[in-house]
Amino acid sequence: QELALKSLGNEGLFLFSSLDTNKDLYLSPEEFKPIAEKLTGVSPTSESEEEETLDPDGETLSVVAKFQPLVMETMTKSKDGFLGISHVALSGLRNWTAPAAPMSVLLARQFKAFLPPKNKLDLGDPWWIIPSELNIFTGYLSNNRFYPPAPKGKEVIIHKLLSMFHPRPFVRTRFAPQGAVACIQASSSFYYTIAFRIHAEFQLNEPPNFPFWFSPGQFTGYVVLSKDSSHVRDFRLFVPNNRSLNVDMEWLYGASESSNMEVDIGYLPQMELESTGPSVPAVIHDENGNVIDSRDPSGEPIQFVFEDIAWQQEIPWEEAAQKLEVAMYPFKKISYLPFTEAFERAKAEKKLVHSILLWGALDDHKASCASSVPGSGRTLRETVLESSPILALLNESFISSWSLVKELEELQSNRENEFYSKLAELHLEKYNFPVEMIICLPNGTVIHHINANYFLDITSMKPEDVESSIFSFSTSFEDPSTATYLQFLKEGLQRAKPYLQS
């Protein structure tokens, strides 16, 4: 390592390390490939040996990409005019104004990757297309990378699709939960509608600039395809844009993994792929098996007629999406309602509101107050919020909700509904960056709250060092964070007793 640093210099070693994926201080031909492609301008035609087995005479599907760039004004750092941020750091983001490939023609059989395994044929029963290999114990993948690893197996079609947006998609994210999950939304004699959710991210910079990671909260969508995958009737993939922030961004400032990392969040209006119509045969045969021209005598393309699909079983899109969400995030086994709806429900059911207020989203693949923030929502959702005792108590005694600070600021300033405005104000009064957990009455009165950073600090201490009796450890649980969060919830219930009994 010292010799390498001496001969390559700091930035040279940084680039070398970004290519040396197995960290053996030696670049194999496979690891050197991105640089070779860059120098020669020649890219390999096949992304995987799997593609070689596909029938070139099979049906093809035309897919178009629709893309509106990130709204720069929605980034937190735009408030001070990106003060102190070099223009070079954001160059990859600013220059990304259009999809890399506005249109692409894919073989229908490549969508075979979305078909269910034989043991997952019930509606809404999720399976992993690309299994997540990370969790709270395995840590995360290196930030110091520029070029995605070659996709393998079922990753190939997802990599190909995402490459329509940008040339450097990583189909496995650096943080859990990574991968892609799917379930059957509808079924007929010959067709499935498959709903899917993908967690992927893009690397927007290349050397000599430092890495800039662009991580949409999720990609979701559906594919309607025949059970033998020979025909695709419809396909759509998109980044949801229904919340005010839907992308997490992180960029390095120096030539090492431990270099300062800037984080921000922002709003992406549109990132979408859509089929222009059903897949059609690449080669057309007549009844005698002879190849015929795909255009009629007047030069117009031959029009295909497709039968209507009679669905025998179907579940709503919202239900399928919720099943995929729970597969990615076990903490979502209980419902997290929108902010105002949670208070209406709590009032009706005479329960308390368990509310989580964040800078970034709790259920986007990593946009929960980015990685370098120690008290991030990611830590919460992968530990305490997933644990059985917490899920049981929240289900029994609370109505849960999570909100973005930005959304509550907008609600507070909207004077059309004074009650909702006041609810938002009471919440924001208690908020400290990055995450605040709040327990309140249905009228919005906050009766207990704890900041995620403080919570993580005290749960990492030895029990004898914790002074506060409020957060004393219970011996019935080995995990101190679960015990402490349980104590937090019970303390909230205790303080609310006078209200709940009235």
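Residues numbered from 1 in each chain as written. Predicted model: local features only at pLDDT ≥ 70, side-chain atom pairs only at ≥ 80, totals over all residues. Heavy atoms only, no water.

Going by the annotation in an unreviewed UniProt entry, the name recorded for the protein chain is SELN protein, with Origma solitaria given as the source organism.

## Overview of the overall build of the protein chain
The test is simple: Secondary structure is summarised from DSSP: a helix means a run of H or I of at least four residues, a strand means a run of E of at least two, and numbering begins at the N terminus for each. A contact between two residues is defined here by any heavy atoms of the two lying within 4.5 Å. Using a 1.4 Å probe, the Shrake-Rupley method yields the accessible areas, and only the shown protein chains count as cover for residues.
Within the protein chain, the secondary structure is distributed over 13 helices and 22 strands. Partitioning the contacts of the protein chain with sequence separation of at least 6, the portion at a separation of at least 24 is 70%. Carbon and sulfur atoms make up 52% of the accessible area of the protein chain, which amounts to about 23600 Å² in all.

## Considering the pattern of salt bridges
Rules: In the sections that follow, a salt bridge refers to a side-chain nitrogen of Lys or Arg positioned within 4 Å of a carboxyl oxygen of Asp or Glu. Three labels apply to residues, based on accessible area from a 1.4 Å probe with only protein chains included: buried if under 20% of the type maximum, exposed if over 50%, partly exposed otherwise in between.
Applying the stated criterion to the full structure yields 19 salt bridges. Residues arginine 172 and glutamate 155 are paired through a salt bridge, measuring 3.0 Å at the closest nitrogen-oxygen approach. Of this pair, arginine 172 sits in the loop between strand E4 (169–170) and strand E5 (179–187) while glutamate 155 sits in helix H4 (residues 155–162); the two residues are 17 residues apart in sequence, bridging distant segments of the chain. Accessibility classification places arginine 172 together with glutamate 155 in one group, the buried group. Among the ionic contacts, a cluster of salt bridges with common partners joins Glu133, Glu155 and Arg172.

## Re the sheet that holds strand E21 (residues 435–440)
Formally: In short, DSSP must find at least two bridges between two strands for them to pair. Think of each axis as a best-fit line through the C-alpha atoms, taken over the contacting stretch in the case of a helix, with angles from 0 to 180 degrees between the N-to-C directions.
Within the open sheet, the 5 strands sit side by side as E18-E20-E19-E21-E22. Their pairing is mixed. In the strand order of this sheet, the two ends are held by strand E18 (336–337) and strand E22 (446–451), each with one partner. Sitting on the sheet, helix H6 (residues 339–349) is in contact with E18, strand E19 (352–358), strand E20 (398–404) and E21, with an inclination near 165° to E20. Those strands touched by helix H10 (residues 418–430) are E19, E21 and E22, and its axis lies near 130° from that of E21.

## Considering the packing of H6 against H10
Quick note on the threshold: If an angle is under 35 degrees, it is roughly parallel; if it is over 145, roughly antiparallel; if it lies from 65 to 115, roughly perpendicular; otherwise it is oblique.
Two elements in contact, H6 and H10, have axes separated by 11 Å at closest approach and are oriented at 100°. Here H6 lies roughly perpendicular to H10, going by the angle between them. Across from Phe339, Thr340, Phe343 and Glu344 in H6, the residues of H10 making contact are Tyr420, Leu423, Ala424 and His427.

## Describing the sheet that holds strand E8 (residues 212–216)
One open sheet accounts for 5 strands, arranged E4-E7-E8-E11-E12; its pairing is antiparallel. The open sheet terminates on both sides in strands that have one partner only, identified here as E4 and strand E12 (261–266). With 5 bridges connecting them, E8 and strand E11 (residues 247–252) associate as antiparallel partners. Among the inter-strand pairings, serine 215 is bridged to a residue of E11, identified as aspartate 248.

## So, the nonpolar core
Let me state the cut-off plainly: Side-chain atoms within 4.5 Å are what join buried Ala, Val, Leu, Ile, Met, Phe, Trp, Tyr and Cys residues into a set we call a nonpolar core. Segmentation of the chain into domains, including their bounds, is taken from an automatic or database domain assignment.
Within the largest apolar cluster, 60 residues are counted, with the highest numbers of intra-cluster contacts made by Ile356, Met437, Tyr485 and Leu489. Residue contributions to this core reach at least three from each of two domains, namely domain 2 (59–283 + 297–325) and domain 3 (329–501). Setting aside residues up to four positions removed in sequence, tyrosine 485 forms contacts with His354, Ile356, Val384, Leu385, Ile390, Met437 and Phe455. Core analysis: the second largest hydrophobic core is formed by 54 residues, Leu106, Val232, Val239 and Val247 among them.

## Structural notes on unusual backbone geometry
Between alanine 176 and the following residue, proline 177, the backbone shows a cis peptide bond with an omega angle of -5°. With respect to the element layout, proline 177 can be found in the loop between E4 and E5. A cis amide bond, omega 0°, links phenylalanine 433 with the succeeding residue proline 434. Looking at the secondary structure, you find proline 434 in the loop between H10 and E21. Despite not being glycine, phenylalanine 82 shows a phi value in the positive range, around 55°. Its location among the elements puts phenylalanine 82 in the loop between strand E1 (59–68) and helix H3 (91–94). Not every positive phi belongs to a glycine, and serine 229 is a case in point at roughly 60°. Here serine 229 shows up in the loop between strand E9 (219–226) and strand E10 (232–238).

## Focus on the pairing of E10
Judged by how many residues are buried, E10 sits mostly within the fold: 5 of 7 residues are covered. When E9 meets E10, the two strands line up antiparallel, connected through 6 bridges. Looking across to E10, one finds that glycine 221 is bridged to leucine 237. Hairpin connection between E9 and E10: a loop of 5 residues separates the two successive antiparallel strands, and serine 229 in this loop has a positive phi of roughly 60°.

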